[in-house]
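Now for the letters of each chain:
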Amino acid sequence: MATLYWQTVGEGKQDIVLLHGWGLNAEVWQTIIPRVASQFRIHLVDLPGYGRSHDFTPMSIQSMADVIWEQAPKNAIWLGWSLGGLVASRIALDHPNEVKALITVASSPCFGAHDEWQGIKPEVLLNFEQMLAENFQRTVERFLALQTLGTESAREDARTLKSVVLALPMPSVEALNMGLESLRIEDLREELTHLQVPFLRIYGYLDGLVPRKIAGKLDELYPNSLSVVMRNSAHAPFISHPDEFCETLIQFAKSLN
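Rules used throughout
- Residues numbered from 1 in each chain as written.
- Predicted model: local features only at pLDDT ≥ 70, side-chain atom pairs only at ≥ 80, totals over all residues.
- Heavy atoms only, no water.
- Helix = DSSP H or I, 4+ residues; strand = E, 2+ residues; numbered from the N terminus.
- Rg over C-alpha atoms; globule rule 2.2 N^0.38 Å.
- Contact = heavy atoms within 4.5 Å.
- Areas by Shrake-Rupley, 256 points an atom, 1.4 Å probe, with all protein chains shown as cover.
- Lys, Arg positive; Asp, Glu negative; His and termini not counted.
- Charge placed at Lys NZ, Arg CZ, Asp CG, Glu CD.
- Salt bridge = Lys/Arg side-chain N within 4 Å of Asp/Glu carboxyl O.
- Pairing = 2+ DSSP bridges.
- Axes fitted to C-alpha atoms, helices over the stretch in contact; angles between N-to-C directions.
- UniProt positions renumbered as here; feature names shortened; annotations may be inferred.
- Phe/Tyr/Trp six-rings, centres within 6.5 Å; stacked < 30°, edge-to-face > 60°.
- Buried < 20%, exposed > 50% of the residue type's maximum accessible area, 1.4 Å probe, protein only.
- Parallel < 35°, antiparallel > 145°, perpendicular 65-115°, else oblique.
- Left-handed = near helix turned anticlockwise from the far one by under 90°.
- Nonpolar A, V, L, I, M, F, W, Y, C, P; charged D, E, K, R; others polar.
- Expected span 1.5 Å × (residues − 1).
- Core = buried A, V, L, I, M, F, W, Y, C linked by side-chain atoms within 4.5 Å.

### Observations concerning the overall build of the protein
In terms of regular secondary structure, the protein is built from 10 helices and seven strands. What you see for the protein is a C-alpha radius of gyration of 17 Å, in line with the 18 Å of a compact globule of 257 residues. A sequence separation of at least 24 residues applies to 77% of the contacts in the protein between residues at least 6 apart. For the protein, the accessible surface area stands at approximately 11200 Å², while carbon and sulfur atoms represent 48% of it. In the protein, 21 side chains carry a positive charge and 30 a negative one; their mean positions are 6 Å apart.

### Things to note about the pattern of salt bridges
Tallied over the full model, the rule gives 10 salt bridges. Salt-bridge contacts for Asp219 lead to Arg201; the nearest nitrogen and oxygen are separated by 2.6 Å. Here Asp219, found in helix 8 (residues 213–221), pairs with Arg201, found in strand 6 (residues 199–204); they are 18 residues apart in sequence, far enough to count as distant. Beyond isolated ion pairs, a larger network of salt bridges with shared partners links Glu27, Asp46 and Arg52.

### Quick notes on the sheet that holds strand 2 (residues 14–19)
Read from one edge to the other, the open sheet built from seven strands follows the order 1-3-2-4-5-6-7, with strand pairing classed as mixed. Each having just a single partner strand, strand 1 (6–9) and strand 7 (226–230) make up the two edges of the open sheet. When the angles between neighbouring strand axes are averaged without regard to direction, this sheet yields 20°. Alignment of strand 1 against strand 3 (residues 40–45), held across four bridges, turns out to be antiparallel. Opposite Thr8, over in strand 3, you have His43 as the bridge partner.

### Considerations on the UniProt feature "domain: AB hydrolase-1" (unreviewed entry) in the protein
On the UniProt side, "domain: AB hydrolase-1" (unreviewed entry) is annotated at positions that read residues 16–242 here. Between the first and last C-alpha atoms of residues 16–242 the distance is 17 Å; the span itself is 39% helix and 15% strand.

### Let's talk about the UniProt feature "binding site: substrate" (unreviewed entry) in the protein
The feature "binding site: substrate" (unreviewed entry), as given by UniProt, occupies Trp22, Ser82, Leu83, Phe143, Leu144, Ala145, Leu146, Gln147 and His235 in the numbering adopted here. When you line up the elements, Trp22 lands in the loop between strand 2 and helix 1 (33–36). Leave out the neighbours within four places in its chain, and Trp22 touches Tyr50, Leu83, Leu132, Val140, Phe143, Leu176, Gly179 and Leu180. Looking at where Ala145 falls in the secondary structure, it is placed in helix 5 (residues 136–146).

### Some thoughts on the packing of aromatic side chains
In this description, a pair of aromatic rings is defined by centroid distance and the angle of the planes. Tallying each qualifying case throughout the model produces eight aromatic pairs. Taking 6.4 Å as the distance between ring centres and 75° as the angle between the ring planes, the aromatic pair formed by Trp29 and Trp81 counts as edge-to-face. Within this pair, whereas Trp29 is found in the loop between strand 2 and helix 1, its partner Trp81 is found in strand 4 (residues 76–81), the two being separated by 52 residues in sequence. Each member of the pair Trp29 and Trp81 is classed as buried. Ring geometry for Phe128 and Phe143: centres 5.2 Å apart, planes at 85°, overall edge-to-face.

### Quick look at unusual backbone geometry
Its identity as a non-glycine residue notwithstanding, Asn75 has a phi of 65°, on the positive side. Structurally, the position occupied by Asn75 is in the loop between helix 2 (61–69) and strand 4. Backbone geometry places Ala106, a non-glycine residue, at a positive phi of 45°. Note that Ala106 resides in the loop between strand 5 (99–105) and helix 4 (122–134). Using a relative accessible area of 0% as the deciding quantity, one classes Ala106 as buried.

### Thoughts on the packing of helix 5 against helix 6 (residues 154–166)
Relative to each other, helix 5 and helix 6 sit at 140°, their axes nearing to 9 Å. In this view, helix 5 runs oblique relative to helix 6, as classed from their interaxial angle. For the pair helix 5 and helix 6, the crossing hand works out as right-handed. Contacts between helix 5 and helix 6 involve Gln137, Val140, Glu141 and Leu144 on the former and, on the latter, Leu161, Lys162, Val165 and Leu166. For the contact of helix 5 with helix 6, the class distribution of residues is five nonpolar, one polar and two charged.

### A word on helix 10 (residues 242–255)
Taking 1.5 Å as the rise per residue, helix 10 with 14 residues should run 20 Å; its terminal C-alpha atoms sit 20 Å apart, in good agreement. Taken as a whole, helix 10 has its buried residues at Pro242, Phe245, Cys246, Thr248, Leu249, Ile250, Phe252 and Ala253.

### Looking at the nonpolar core
Residues Trp29, Ile68, Trp78, Trp81 and Phe245 are the most contacted members of the largest nonpolar core, which totals 89 residues. If one sorts the elements of this core by residue count, helix 3 (residues 83–94) sits on top with seven residues.

Here you go:
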C-alpha cells in the first residue's frame, strides 16, 4: 500500500502545509524552514508519485488533493508552488470551511496558453513529454534550469533544485507525464472566482514559466485576493530570495489574525 510522506516541523501555532512543484519533493523547502520555524507548524509533503511518496500511481490534481486532504490538519494555511499551487487551490476550493488561507507561488490557475491567456504553449509541454521518454534525467534537468533563468543566482539555484531531485527516488516517467498533462489541461480560473478563503499570490518578475502579466489579469479576476511580484526572482523565489519571500509569508499570516 502506498504511503504519503508527511513531516511536521516548527514551533509556531499556525499550521501551514507546503506543496512542491513538478519533478521535485519537499526537500525544496529547506531554504525557508529555519526562517519560519518559529512562526509556523510546518507540514512537509511529497506529492503522490514524487520523492518519498513514489509508490502512488500517477494521479490527477483532484486525486492528489483528495489523498493529501486525508492527513491534513484543519484550519491550516495551504501554500503551493507551481504545480503544487493547483493542488493547494483544489483543496481550498473543496474545503473552504476547513482551510485558513491559500497561497500560490509562481503558479497559475491555468498554466497552458489559450487565446489571449499567457502561459506555456501546449506544444512545449507535449515536447517535454516526448523528451522524457527519450532522455529522462536530461529532460528533468532542463526543466529545472528553466525555473531559475534570469536571476543573479541562476546557476546556484539550479544546482540546489537538481540536488533536491537527486537526493531522493526519482518520480516515474508516468508520474511526470501525468504532471505535465495536468499543467497542460487544468483550468481553475473560473472556479477560483468563487474562492471563499483569503488568497495571496506570489510571483517572480523574471519567471519564464508563469509570466508576470498573469498577476495583473488575476488581480482583476480575483479582486479580493492579494498579489506580490518579487522583483529580482524567477520561478523559485523562495530559493533565490528566501528572506524577502519569508517576510511576505509572515506578514500575510499575521494579517489573518
